[in-house]
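Letter by letter, the chains look like this.
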Amino acid sequence: MFFDFGIKDIIDITLVALMLYYIYRLMKESRSLNVFIGIMMFVVLWLLVSQVLEMRLLGSIMDKLVSVGVIALIILFQDDIRKFLYNLGAHERMRTLTRFLGRGKSGNAEELKKMIMPIVMACLNMSKRKVGALIVIERNMPLDDIVATGERIDANISQQLIENIFFKNSPLHDGAMIISNKRIEAAGCILPVSHNLDIPKELGLRHRAALGISQESDSVAIVVSEETGGITVAIKSELQVRLTAEKLESILTKEMM
């Protein structure tokens, strides 16, 4: 009946609303909002034709289009869908559960400090001298495709090595450094650039690249500005600007646990 409306219906409507909201956010971030609106209009038209007006011929044609269209959308947006599912699994509560079960990457605090401090000190020195730098620290999501775009180094993390790589006359200073498994994996790497229009205009290409890799992975990206010497960190699609060395150390310690 029309008035037979219970708690299950409320839950059903809430879940559908949440699903549509997250799909909307996903499409908006991937600059495919018009596609999402077009899909929703087609779904409404399909329901109107097949369920309300009960047009059998047109309804059957649209049924076939919907069944084929789902496969086509999966193919077209496979990268966005993969990112959405990864972000779902990389949610903070999921990471907490993973660490609780003993499968996380939380290492020894002393070893973590040995990895972080050379990075912090190198960023501090480069900041004072206004030497531009872009450092990406891999976490749970592998960055093998990014590493392949640069030069393999596979060296221990060293303050002097980091500063030498980003020295203005170094052939690798323009690209990004990738740190993986507590080692400098590669340098001179090419990162995806964020097209977010909300990024302040005074922030340059390094900041856009840092934000881009933080949008496509769970990595932590550190930027030292060549113009101002400011230190910025990009995490989870957000930029934290004008950081001190102490604040940078605190962020890295928290995020890498």
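Positions within a chain are numbered from 1, following the residues in the order the chain's sequence is written. Thresholds applied to this predicted model are a pLDDT of at least 70 for local features of residues and 80 or more for the giving and counting of side-chain atom pairs; totals over whole chains, interfaces and linings are not thresholded and use all residues. To obtain the side-chain values, all non-hydrogen atoms of the structure were used and water was disregarded.

Student: Lay out helix α10 (residues 245-256) in plain terms, naming residues and giving numbers.
Tutor: Counting from the N terminus, the helices are DSSP H or I runs at least four residues long and the strands are E runs at least two residues long. Expected span of a helix, by definition, is 1.5 Å for each gap between consecutive residues, and there is one gap fewer than residues. When the terminal C-alpha atoms of α10 are compared, their 16 Å separation across 12 residues agrees well with the 16 Å that a helix rising 1.5 Å per residue should span. Classification of residues uses two cut-offs on accessible area relative to the type maximum, computed with a 1.4 Å probe and protein chains only: under 20% is buried, over 50% is exposed, and between them is partly exposed. Listing the buried residues of α10 in full gives Ala245, Leu248, Ile251, Leu252, Glu255 and Met256. The arc that holds every buried residue of α10, seen down its axis, measures 125°, which confines them to one face. Away from its buried face by more than 90 degrees, α10 exposes Glu246 and Lys254. Note: the arc covers the axis-to-C-beta directions of the helix.

Student: Break down the sheet that holds strand β4 (residues 183-189) for me, citing the residues and quoting the values.
Tutor: Across the sheet, seven strands lie side by side as β2-β4-β3-β1-β5-β6-β7; this open sheet has mixed pairing. Each of the sheet's edge strands pairs with one partner strand only, and the pair in question is β2 (151-156) and β7 (238-240). If you compare each strand with its neighbour and ignore which way they point, the axes differ by 20° on average. Only strands joined by at least two bridges in the DSSP assignment are considered to pair. Sheet topology note: the strand β6 (residues 231-235)/β7 ladder contains three bridges and is antiparallel. When the bridges of β7 are listed, alanine 234 appears paired with leucine 239. Packing against the sheet, helix α6 (residues 109-129) makes contact with β1 (133-137), β3 (176-180), β5 (220-224) and β6, and its axis sits at approximately 25° to β5. To obtain each axis, a line is fitted to C-alpha atoms, and for helices this fit is confined to the stretch in contact; angles are then taken between N-to-C directions over 0 to 180 degrees. Contacts were defined at the residue level, with two residues in contact if any of their heavy atoms lie within 4.5 Å.

Student: Go over the nonpolar core with me, naming the residues and quoting the values.
Tutor: We call a set of buried Ala, Val, Leu, Ile, Met, Phe, Trp, Tyr and Cys residues a nonpolar core when their side-chain atoms join them within 4.5 Å. Counting 33 residues, the largest nonpolar core has Ile119, Ile135, Ile162, Ile222 and Leu252 as the members making the most contacts within it. The set of elements that each furnish at least two residues to this core consists of α6, β1, α8 (159-165), β3, β4, β5, β6 and α10. In terms of residues, this core owes the most to one element, α6, which gives eight residues. Once residues within four sequence positions are removed from consideration, isoleucine 119 is found in contact with Ile135, Ile137, Ile157, Ile162, Ile179, Ile222 and Leu252. By size, the runner-up hydrophobic cluster in this structure holds 16 residues, among which are Val147, Ile178, Ala186 and Leu191.

Student: Just give me the short version of the pairing of β6, but keep the residues and values in it.
Tutor: Of all five residues making up β6, five are buried, and the element is well covered by its neighbours. Residue alternation in β6 divides its side chains into two sets, Ile231, Val233 and Ile235 and Thr232 and Ala234, and both sets are buried. Where β5 lies against β6, four bridges are found, and the strand directions are antiparallel. Each bridged residue has a counterpart across the sheet, and for isoleucine 222 the counterpart in β6 is valine 233.

Student: Now, about the pattern of salt bridges: what can you tell me, with residues and values included?
Tutor: The salt bridge criterion pairs a side-chain nitrogen of Lys or Arg with a carboxyl oxygen of Asp or Glu, the two atoms within 4 Å. On inspection of all chains with the given rule, the structure shows six salt bridges. Residue lysine 182 pairs with glutamate 111 through a salt bridge whose shortest N-O separation is 3.1 Å. With lysine 182 in the loop between β3 and β4 and glutamate 111 in helix α6, this residue pair connects regions lying 71 residues apart in the sequence. The salt bridge involving arginine 129 is made with glutamate 163; its shortest N-O contact spans 3.4 Å. With a gap of 34 residues between them, arginine 129 in helix α6 and glutamate 163 in helix α8 connect regions that are remote in the sequence. Its relative accessible area of 45% is what places arginine 129 among the partly exposed residues. By relative accessible area, which is 14% here, glutamate 163 ends up buried.

Student: Please set out the environment of serine 217 residue by residue, giving values where relevant.
Tutor: With respect to the helices and strands, serine 217 occurs in the loop between α9 (205-216) and β5. With 19 residues separating them along the chain, serine 217 and lysine 236 place their C-alpha atoms 8.0 Å apart. If sequence neighbours within four positions are ignored, serine 217 has contacts with Met141 and Leu143. Separated by 2.8 Å, the side chain of serine 217 and the backbone oxygen of isoleucine 213 make a polar contact. Pairs of N or O atoms within 3.5 Å make up the polar contacts considered here, provided that, within protein, one atom can donate a hydrogen while the other can accept it, and that residues adjacent in sequence are counted only when both atoms are side-chain atoms. Polar contacts involving the side chain of serine 217 include one to the side chain of serine 219, which spans 2.7 Å.

All we've got here are geometric facts, nothing functional implied.
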